[in-house]
Amino acid sequence: MALNTSADAPLPVGEVSRLIGGWIDRLGAVWVEGQITQLSRRPGAGVVFLTLRDPSYDISVSVTCFRQVFEAVADVVSEGARVVVLAKPEWYAPRGQLSLRATEIKPVGVGELLARLEQLKKSLASEGLFAADRKKALPFLPQLIGLVCGRASAAERDVLENARHRWPAVRFEVRNVPVQGVHAVPQVVQAVKELDALDTVDVIIVARGGGSVEDLLPFSDEQLVRAVAACRTPVVSAIGHEPDNPLLDFVADLRASTPTDAAKKVVPDVGEEYERVRFLRDRARRSVQSFIDREERGLAHALARPSIEDPHRMVDERADQVTALLDRGRRTLGHLLDRADSELTHTHARVVALSPAATLQRGYAVLQTADGHVVRDPDEVAAGEALRARVAEGEFTVRVDA
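Below or above, wherever it landed, is the structure these notes cover. Owing to the predicted nature of the structure, the values given are computational and were not obtained by experimental measurement. (Residues numbered from 1 in each chain as written. Predicted model: local features only at pLDDT ≥ 70, side-chain atom pairs only at ≥ 80, totals over all residues. Heavy atoms only, no water.)

**Description of the environment of Val 375**
1) Next: Along the chain, Val 375 turns up in the loop between β11 (366-368) and β12 (386-391).
2) Next: Once the C-alpha coordinates of Val 375 and Leu 160 are considered, the two residues, 215 residues apart in sequence, prove to be 139 Å apart.
3) Next: Excluding its chain neighbours within four sequence positions, the residues that come into contact with Val 375 are Leu 367, Gln 368, Thr 369, Glu 380, Val 381 and Leu 387. (Helix = DSSP H or I, 4+ residues; strand = E, 2+ residues; numbered from the N terminus. Contact = heavy atoms within 4.5 Å.)

Printed below as a string of structure tokens:
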């Protein structure tokens, strides 16, 4: 509605309402799905008033229809039922109220619901919300457990009683919410988010007893599935149902078949843990004792060996051998030295016998010229030349006579 208005030239409320009504009247009929939360069938009235609600987004819209339109499905439709209506938007100008005028109403069957859930399941799985690698491990002994369940329900009693029977010291942070109907989804989502925001909560259990497919629809709602997927705290789905699985089972970090089963899987049994500790303690004691016995046997065997029992025995046994080898070495070295001495003496005698000094001792002399040349031939000297004569005891000068 592109209108030229201003603070000086405003439109009256009635005109605005009329214009809105004219725009809405141009809208066509649409198929709408929702859950009936209020149903008014006044006796004798020609019009039936309904309120359709979207549980996922906590949004409601008023619906009116002629009595004969509703009578066609009156036997199978009541408050809480999910329906699909063909309706045209209408604007009630006096009150400025939007509603839908239904011309056809169809109940949503179980088969159709399951088909839609299967389609939603495939869509969420393709996003990886159900992947195993996203699952978080539960703590061994949670100190504080968040519990989302119906007020004073059997599910709440089963979880609390079984958990405290298994581990009396366990504590709970309970959020009581509607677990079916139009208000279930937003309140369950809010409770899960509140518990996830508490740093002291170690694990969250969403519990409910069994029910029909329609009763369990809130636990297959896309908004709840995404809220659980975003949790940093491990979430356990404990919806008592067989054989159908709500989508909460696939996104939760652990699925329990019943609330009692959830208590058993989340909280350890103090008696079982005591027996396990006792068994491990006895096993450790046996292992240590076995190790000590084995080491003692090994030590006794080592001490019984001759080398450890009498460590000097081997030295004493080898002492005579060392002495014999030492004497043998001395004798061998003596023989070698004696032989070398004898050879040296003989060599020395030969050297002395063959040396020029020995020849001189026998009366020979060696004549040398002034430059030290040894005279071997008479022609090598001239008459009157002075020569040196070397004898055994010294040397002297001689002169050559013609």
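**Considering the pattern of salt bridges**
1) Next: Taken as a whole, this structure holds 20 salt bridges when the rule is applied.
2) Next: Among the ionic pairs, Glu 222 bridges to Arg 226, the shortest N-O distance being 3.0 Å. Here Glu 222 pairs with Arg 226, and both are found in helix α6 (residues 222-229), just four residues apart, close to one helical turn.
3) Next: Linking Asp 282 and Arg 285 is a salt bridge whose minimum nitrogen-to-oxygen distance equals 2.9 Å. Within this pair, Asp 282 and its partner Arg 285 are both found in helix α9 (residues 270-303), separated by three residues, close to a single helical turn.
4) Next: Members of the salt-bridge network, linked through shared partners, are Glu 275, Arg 278, Asp 282 and Arg 285. (Salt bridge = Lys/Arg side-chain N within 4 Å of Asp/Glu carboxyl O.)

**Thoughts on the packing of helix α5 (residues 184-197) against α6**
1) Next: The contact between α5 and α6 brings their axes to 9 Å, and the two run at 5 degrees. Taken together, the axes of α5 and α6 are roughly parallel relative to one another. Contacts between α5 and α6 involve Val 185, Val 188, Val 189 and Lys 193 on the former and, on the latter, Gln 223, Leu 224 and Ala 227.
2) Next: Of the residues assigned to the contact of α5 with α6, the class counts are five nonpolar, one polar and one charged. (Axes fitted to C-alpha atoms, helices over the stretch in contact; angles between N-to-C directions. Parallel < 35°, antiparallel > 145°, perpendicular 65-115°, else oblique. Nonpolar A, V, L, I, M, F, W, Y, C, P; charged D, E, K, R; others polar.)

**Comments concerning the nonpolar core**
1) Next: By size, the foremost hydrophobic cluster in this structure holds 30 residues, and its most contacted members are Val 148 and Val 206.
2) Next: Every element with two or more residues in this core is listed here: α3 (110-126), β6 (144-149), α5, β8 (203-208), α6, β9 (235-239) and α7 (247-251).
3) Next: For this core, the element with the most residues is α5, which contributes six residues.
4) Next: Once you skip the residues sitting within four places of it in the chain, Val 148 turns out to touch Arg 175, Val 177, Val 188, Ala 191, Val 192, Leu 195, Ile 204, Ile 205, Val 206 and Ala 207. (Core = buried A, V, L, I, M, F, W, Y, C linked by side-chain atoms within 4.5 Å. Buried < 20%, exposed > 50% of the residue type's maximum accessible area, 1.4 Å probe, protein only.)

**Notes on α6**
1) Next: Residues Leu 224, Val 225, Ala 227, Val 228 and Ala 229 constitute the buried set of α6.
2) Next: The backbone nitrogen of Gln 223 has a side-chain oxygen 2.8 Å away, supplied by the residue at the start of α6, namely Asp 221. (Polar contact = N/O pair within 3.5 Å; in protein donor to acceptor, adjacent residues only side chain to side chain.)

**A word on the pairing of β8**
Here is the key point about a regular strand: its side chains alternate between the two faces of the sheet.
1) Next: With six of its six residues buried, β8 lies for the most part within the structure.
2) Next: Here β8 shows no split at all, with Val 203, Ile 205 and Ala 207 on one side and Ile 204, Val 206 and Arg 208 on the other all buried.
3) Next: In this structure, β6 lies alongside β8, joined through four bridges in parallel fashion. Bridge pairing in β8 links Ile 145 to Val 203.
4) Next: As defined by bridge partners, β8 adjoins β9 across five bridges and the pair is classed as parallel. Residue pairing across strands places Ile 204 opposite Val 235, the latter belonging to β9. (Pairing = 2+ DSSP bridges.)

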